[in-house]
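# Commentary on secondary and tertiary structure
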Amino acid sequence: MGIAGAAALLAAGLAMGLGALGSGFGLGLAAISAIRAVERQPAKRTILFRNMLVGQAVTETPAIFALMVALLLYFSLERALDAPWSPARAAAFLGAGLCIGVGALGSGFGSGLIAHDALDGMSANPSSQGSVLLLMLIGQAWAQTGCIFALVVSLFLVSGGAPSAPAGAEDLRLWSLIPLAGGEMAGAARNLGSSLAMGLGAVGSSLGIAFAGGRACRSLAAAPAAGARIRAVYFIGSATAQSPSVFSLIVALILLLGA
Amino acid sequence: MNEETVKLLIGPLVQAFALLGAGICMGLGGLGPGLGEGYAAGKACEAVAKRPEEYAQIFRTMLVGQAVTESCAIYALVVSIILVFH
């Protein structure tokens with residue numbers, strides 16, 4: 001199976017583990033505030049329960065993306081067989097798992113944070129339930145963009161990653177045992193670098209947008225009259241918070257497509 | 001390893017570390033500003049809910065603060081592009 005197969009297995013585990021960590025924590029956050037909300041407003045329990053389920057369904061999606069990439073990695077084991085010693089391909093597989101895992105960690109936790117704050121707001125002011133639910137869904141979708149950028153980069157990486165440079169010091173061996181594959185070093189660095197750029201960049205933006213979304217939901221419930229102004233501040237503020245992840249995507253794509 | 005092997009390896013190694021460094025640079029450089037700008041936007045929403053009449057002032061302060069925060073991400077972008085195309 002070689003180094004590429006080993007990397008694919010490690011990456012599948014990392015992707016699903018990190019993805020489940022974020023979404024799991026987020027789902028729990030939504031449940032915590034739903035319990036508190038039902039305790040505060042027992043008469044509204046049906047609608048609060050429904051809203052919790054809607055929020056949790058969206059919070060679950062980053063984990064599903066991570067599961068998808070983990071399965072893709074597992075089923076690409078066969079492709080790893082034809083090049084047993086390929087650092088570039090190993091880095092591509094490892095990068096795919098890291099990228100979607102870290103991206104799903106941020107988006108999953110962030111979506112849960114928005115659901116948590118929105119349910120708290122709904123229980124504080126049940127009459128604002130409809131507009132808070134809408135803002136919550138917009139916020140959750142927005143917090144998920146980082147994860148979707150990470151998914152794009154991961155799919156690139158699973159399907160092969162950056163083009164490898166022509167073989168350079170291919171026949172060199174470390175301690176006359178391990179082939180160093182000098183030509184593949186740049187390809188491996190491109191794959192791992194693009195995954196780190198996109199994964200870490202997505203976490204920051206997702207968590208930032210999620211924090212803003214949660215606060216916007218709470219504020220909307222507390223002051224429904226200022227709804228239009230809160231929405232304006234939230235949308236412009238989040239759009240600015242999104243830009244670092246767009247820079248990350250640009251750098252990741254430059255690294256992947258080769259300069 | 002003998003001297004000749006080391007010489008053959010140095011070129012690809014330097015290139016590889018520059019590319020890896022570009023990725024780490026943009027990743028970590030994007031993480032901080034994203035978190036910070038989002039935090040500022042959240043606090044601005046709270047402030048507007050508390051004092052809707054000060055909306056313009058709050059909005060302007062938030063935007064200026066975010067623009068300054070954004071500069072860190074732009075530094076990271078510039079450095080990583082320099083590293084990729086060096």
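Structural notes, computed from the coordinates. The written sequence of each chain sets the order in which its residues are numbered from 1. By the order in which they are written, chains take letters starting at A while ligands take numbers starting at 1. Predicted model: local features are reported for residues with pLDDT of at least 70 only, side-chain atom pairs are reported and counted for 80 or more only, and whole-chain, interface and lining totals are derived from all residues. The basis for the side-chain values is all heavy atoms of the structure; hydrogens and waters are excluded.

### Description of the overall build of chain B
Scanning chain B from N- to C-terminus turns up 2 helices and 0 strands. Here the radius of gyration uses the C-alpha set of atoms, whereas the globule reference equals 2.2 Å times the residue count to the power 0.38. Its C-alpha atoms give chain B a radius of gyration of 21 Å, more than 25% over the compact-globule value 12 Å for 86 residues. Across the 86 residues in chain B, those meeting the buried criterion constitute 36%. Summed over all atoms, the accessible surface of chain B reaches about 4,800 Å², with 70% contributed by carbon and sulfur. His is not counted here, nor are the chain ends, while Lys and Arg score as positive and Asp and Glu score as negative. A charged residue contributes its charge at one atom only: NZ of Lys, CZ of Arg, CG of Asp or CD of Glu. Side chains of chain B carry 5 positive and 7 negative charges; the gap between the two charge centres is 11 Å. For the purposes of this entry, the term helix denotes a DSSP run of H or I that reaches at least four residues, the term strand denotes a run of E that reaches at least two, and both are numbered from the N terminus. With a 1.4 Å probe rolled over the protein chains alone, any residue whose accessible area is under 20% of its type maximum counts as buried; one over 50% counts as exposed, and the rest are partly exposed. Working definition of accessibility: Shrake-Rupley area with a 1.4 Å probe, residue cover restricted to the visible protein chains.

### Topic: the nonpolar core
Buried Ala, Val, Leu, Ile, Met, Phe, Trp, Tyr and Cys residues form a nonpolar core when they are joined through side-chain atoms within 4.5 Å. Judged by nonpolar contacts, the single largest core of 36 residues is most densely connected at A:Met122, A:Val132, A:Met136, A:Cys217, A:Ile230 and A:Tyr234. For this core, the secondary-structure elements that each account for two or more residues are α1 (2–40), α2 (45–75), α4 (87–124), α5 (129–143), α7 (182–222) and α8 (227–257) of chain A together with α1 (3–50) and α2 (55–85) of chain B. Aside from chain neighbours lying at most four places away, what touches A:Met136 is A:Asn51, A:Val54, A:Gly55, A:Ile114, A:Ala115, A:Ala118 and A:Cys217. Listed in part, the 32 residues of the second largest apolar core include A:Ala12, A:Leu73, A:Ala104 and A:Leu151. Between two residues, a contact is recorded if the distance between any of their heavy atoms is within 4.5 Å.

### Some remarks on the side chain of A:Asp120
Residue and element names in this part refer to chain A. With respect to the helices and strands, the residue Asp120 is situated in helix α4. Given the relative accessible area of 6%, Asp120 is considered buried. The residues contacting Asp120, other than those within four sequence positions of it, are Ser33, Arg36, Arg40 and Arg218.

### Here we look at the interface of chain A and chain B
Interface size is often expressed as the accessible area that is lost when the parts come together. Every contact between the two is made by 45 residues of chain A and, on the other side, 46 residues of chain B. Put simply, buried area is the surface a 1.4 Å probe can reach on two separate parts but cannot reach once they are joined, added for both. Sorting the residues of chain A by area buried against chain B places A:Arg229, A:Val233 and A:Phe247 first, and these three jointly supply 16% of that buried surface. Just to be clear on terms, a salt bridge is a Lys or Arg side-chain nitrogen sitting within 4 Å of an Asp or Glu carboxyl oxygen. Inspection of the chain A/chain B interface yields 1 salt bridge. Here A:Arg215 ties to B:Glu46 by a salt bridge, and the two come within 2.6 Å at their closest N and O atoms. Counting of polar contacts relies on pairs of N or O atoms within 3.5 Å, with two restrictions inside protein: one atom must be capable of donating a hydrogen and the other of accepting it, and residues adjacent in sequence are counted only when both atoms are side-chain atoms. Linking chain A with chain B are 10 residue pairs in polar contact (both at pLDDT 80 or more), by the criterion used here. For the side of chain A that touches chain B, the elements supplying multiple residues, two or more each, are α7 and α8 of chain A. In terms of residues, the side of chain A that touches chain B owes the most to one element, α7(A), which gives 22 residues. A per-class count over the side of chain A that touches chain B returns 30 nonpolar, 12 polar and 3 charged. For this scheme, ten residues count as nonpolar: Ala, Val, Leu, Ile, Met, Phe, Trp, Tyr, Cys and Pro. Four count as charged, namely Asp, Glu, Lys and Arg, and the remainder, Gly too, count as polar.

### Re the environment of A:Arg231
Residues and elements named next belong to chain A. Inspection of the secondary structure puts Arg231 in helix α8. Using a relative accessible area of 30% as the deciding quantity, one classes Arg231 as partly exposed. With 91 residues separating them along the chain, Arg231 and Gln140 place their C-alpha atoms 14 Å apart. Apart from residues lying up to four places away in sequence, Arg231 is in contact with Ser131, Leu135 and Leu220.

### Focus: the packing of α2(A) against helix α6 (residues 145–158) of chain A
Residues and elements named next belong to chain A. Following both chains from N to C, one finds α2 and α6 inclined at 5 degrees, their axes separated by 11 Å at the closest point. As summarised for this structure, α2 and α6 are arranged roughly parallel, according to the angle between their axes. For the pair formed by α2 and α6, the contact residues are Pro62, Phe65, Met68, Val69, Leu72 and Leu73 on the first element and Cys147, Ile148, Leu151, Ser154, Leu155 and Val158 on the second. Note on definitions: angles span 0 to 180 degrees between N-to-C directions of axes, and those axes are lines fitted to C-alpha atoms, for helices only across the stretch in contact. To sort the angles, those under 35 degrees are grouped as roughly parallel, those over 145 as roughly antiparallel, those from 65 to 115 as roughly perpendicular, and the leftovers as oblique.

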